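Each chain is listed here by its residues.
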Amino acid sequence: MSRNCSGVISAGLAAILLAGCNSGEETAADETAASLQLGALGAPDIERHEIYGTVCGFREAGGSMRALALIQPEQAWVKLDGEAVALPVADDAGEGPLGIGLAYTAAPASLSLAVEGEEKASGGGRSETGATLTVRTAAGDTAELSGTLQCSSGSV
């Protein structure tokens, strides 16, 4: 009988130890913020929403040509779940190149921009500078990307 008891105790102890390990892993995974994938804004979005005039386009580092945000002095545009969403400039936005804001917010999301380095001319009346773009949704999903901010007083 003592053999059976020690086997039960060993199995019970192992189950308790494994349960403790598993619960710690689940908690860590649950606390990790979900990653947000931004869609590219293109000519159909620009035409549909009349995004003309002074505008800066944010492109992710690595040579991408996709504009993941279009930023104007009064509003910024991002594509969430396949839809272009306008975010009005925040009250305490600060000022970036060509008078664009550095913070935009609305019910579905917020956008902040950190401009890095000096602007340099990139031809065609455009300027470029390094930047970091952060977008957070109301659900807590976040995208933080490094890239290039290309600005023009015409259209992107």
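Thresholds, definitions, all that
- Residues numbered from 1 in each chain as written.
- Predicted model: local features only at pLDDT ≥ 70, side-chain atom pairs only at ≥ 80, totals over all residues.
- Heavy atoms only, no water.
- Helix = DSSP H or I, 4+ residues; strand = E, 2+ residues; numbered from the N terminus.
- Buried < 20%, exposed > 50% of the residue type's maximum accessible area, 1.4 Å probe, protein only.
- Contact = heavy atoms within 4.5 Å.
- Salt bridge = Lys/Arg side-chain N within 4 Å of Asp/Glu carboxyl O.
- Disulfide = S-S within 2.5 Å.
- pLDDT = per-residue confidence, 0-100.
- Core = buried A, V, L, I, M, F, W, Y, C linked by side-chain atoms within 4.5 Å.

## A short note on the environment of I51
Turning to its location among the elements, I51 is positioned in the loop between α2 (43–49) and β1 (55–60). Classification of I51 as buried rests on a relative accessible area of 2%. Considered as a pair, I51 and A76 are 25 residues apart in the sequence and their alpha carbons are 9.5 Å apart. Apart from the residues within four sequence positions on either side, I51 is in contact with D45, I46, L70, Q72 and W77.

## A word on the pattern of salt bridges
Summed over the entire model, instances satisfying the criterion amount to two salt bridges. Its salt-bridge partner being R48, residue D45 comes within 3.4 Å of it at the nearest N-O pair. Of this pair, D45 and R48 are both found in helix α2, three residues apart, which corresponds to roughly one turn of the helix. Residue D45 is classed as buried on the basis of its relative accessible area of 4%.

## Focus: the state of the cysteines
The tally for this structure, following the rule as stated, stands at one disulfide. The side chain of C56 participates in a disulfide bridge whose partner is C151; the two sulfur atoms lie 2.0 Å from each other. Its S-S torsion of approximately 110° makes the covalent link between C56 and C151 right-handed. Within this pair, whereas C56 is found in strand β1, its partner C151 is found in strand β8 (residues 142–152), the two being separated by 95 residues in sequence. For C56, a relative accessible area of 0% gives the class buried. Judged by its relative accessible area of 2%, C151 falls in the buried class.

## A look at the environment of G82
As for its position among the elements, G82 is in the loop between β3 (75–80) and β4 (83–88). For G82, a relative accessible area of 53% gives the class exposed. For the pair formed by G82 and L41, sequence separation is 41 residues and the distance between their alpha carbons is 9.5 Å.

## Focus: the confidence of the model for the protein chain
Note that predicted coordinates carrying low pLDDT should not be read in detail. Put simply, the protein chain has an average pLDDT of 79, and 76% of its residues get 70 or more. In the predicted structure, residues 1–33 sits below a pLDDT of 50 and forms one contact with residues beyond four places in sequence or in another chain.

## A closer look at the nonpolar core
Within the largest apolar cluster, 24 residues are counted, with the highest numbers of intra-cluster contacts made by L38, F58, L111 and L149. For this core, the elements supplying multiple residues, two or more each, are β1, β2 (67–71), β3, β4, β6 (109–123), β7 (126–137) and β8. At four residues, β8 tops the list of elements feeding residues into this core. Beyond its immediate chain neighbours, meaning those up to four positions away, L149 contacts C56, G57, F58, I71, P97, I100, L113, V115, S127, E128, T129 and A131. Listed in part, the eight residues of the second largest apolar core include L41, A67, L70 and A84.

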